[in-house]
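The residues making up each chain are set out below.
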Amino acid sequence: MQTNGDLNLIGPFGVGFYSVYLVADYVEVISKHNDDKQYAWESKADGAFAISEDTWNEPLGCGTEIRLHLRDEAGE
């Protein structure tokens with residue numbers, strides 16, 4: 001598992017992506033390529049994130065699933 005990754009690796013994509021924390025306090029990104037294992041990226045917007053092989057979620061087959069855990073005040 002990789003933790004506390006280098007945020008400089010995120011690049012311009014990260015600026016827009018991190019705006020998700022205006023409404024969510026926890027984000028999971030589950031991703032799988034046809035010829036690779038399934039991985040999960042997770043962060044609580046505290047400047048740290050973790051990437052690990054995903055062995056607990058249902059297999060995707062291929063593709064990406066993004067899960068937003070909304071803040072209580074962002075539920076509407």
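Along each chain, residue indices are assigned from 1 in the same order as the chain's sequence is written. Local features in this predicted model are restricted to residues whose pLDDT is 70 or higher, and side-chain atom pairs enter the listing and the counts only when it is 80 or higher, whereas totals over whole chains, interfaces and linings include all residues. Each side-chain value is worked out from all heavy atoms of the structure, with water and hydrogens disregarded.

Draft legend 1. Molecular detail of the overall build of the protein chain. The helix and strand tally for the protein chain stands at one helix and five strands. We call two residues in contact whenever any of their non-hydrogen atoms come within 4.5 Å of each other. In the protein chain, 54% of the contacts between residues at least 6 apart in sequence involve partners at least 24 apart. For the protein chain, the exposed area adds up to about 5400 Å²; of that, 53% sits on carbon and sulfur atoms. Think of it this way: any DSSP run of H or I at least four residues long counts as a helix, any run of E at least two long counts as a strand, and we number them from the N terminus. All accessible-area figures derive from a Shrake-Rupley calculation using a 1.4 Å probe, and residue coverage is judged against the displayed protein chains alone.

Draft legend 2. Layout of the nonpolar core. Each nonpolar core is a collection of buried residues, namely Ala, Val, Leu, Ile, Met, Phe, Trp, Tyr and Cys, held together in the definition by side-chain atoms within 4.5 Å. Each residue is placed in one exposure class: buried if its accessible area under a 1.4 Å probe, protein chains only, is under 20% of its type's maximum, exposed if it is over 50%, and partly exposed if it falls in between. If you look at the biggest cluster of nonpolar residues, it comprises eight residues: Phe17, Val20, Tyr21, Ala24, Val27, Val29, Trp41 and Phe49. In terms of residues, this core owes the most to one element, strand β2 (residues 24–32), which gives three residues. Contacts of Val20, omitting those with residues within four sequence positions, involve Val27 and Leu68.

Draft legend 3. Molecular detail of the environment of Leu70. Tracing the sequence through the fold places Leu70 in strand β5 (residues 63–70). Given the relative accessible area of 43%, Leu70 is considered partly exposed. Taking C-alpha positions, Leu70 is 7.4 Å from Tyr26, a pair spaced 44 residues apart along the chain. In this structure, Leu70 is in contact with Val23, Ala24 and Asp25, ignoring residues within four places of it in sequence.

Draft legend 4. Local environment of the side chain of Lys32. By the secondary structure assignment, Lys32 is in strand β2. Those residues in contact with Lys32, other than ones at most four positions away along the chain, are Lys37, Gln38, Leu60, Gly61, Cys62 and Gly63.

Draft legend 5. Focus on the pattern of salt bridges. Basic side-chain nitrogens of Lys or Arg form a salt bridge, by our definition, when they fall within 4 Å of a carboxyl oxygen of Asp or Glu. Taken as a whole and assessed by the stated rule, the structure comprises two salt bridges. The salt bridge involving Lys37 is made with Glu53; its shortest N-O contact spans 3.8 Å. On the criterion of sequence distance, the pair formed by Lys37 in the loop between β2 and β3 (38–43) and Glu53 in strand β4 (residues 49–53) is long-range, its members being 16 residues apart. Residue class for Glu53 comes out partly exposed when judged on its relative accessible area of 38%. The salt bridge partner of Arg67 is Glu65, with a shortest N-O separation of 2.6 Å.

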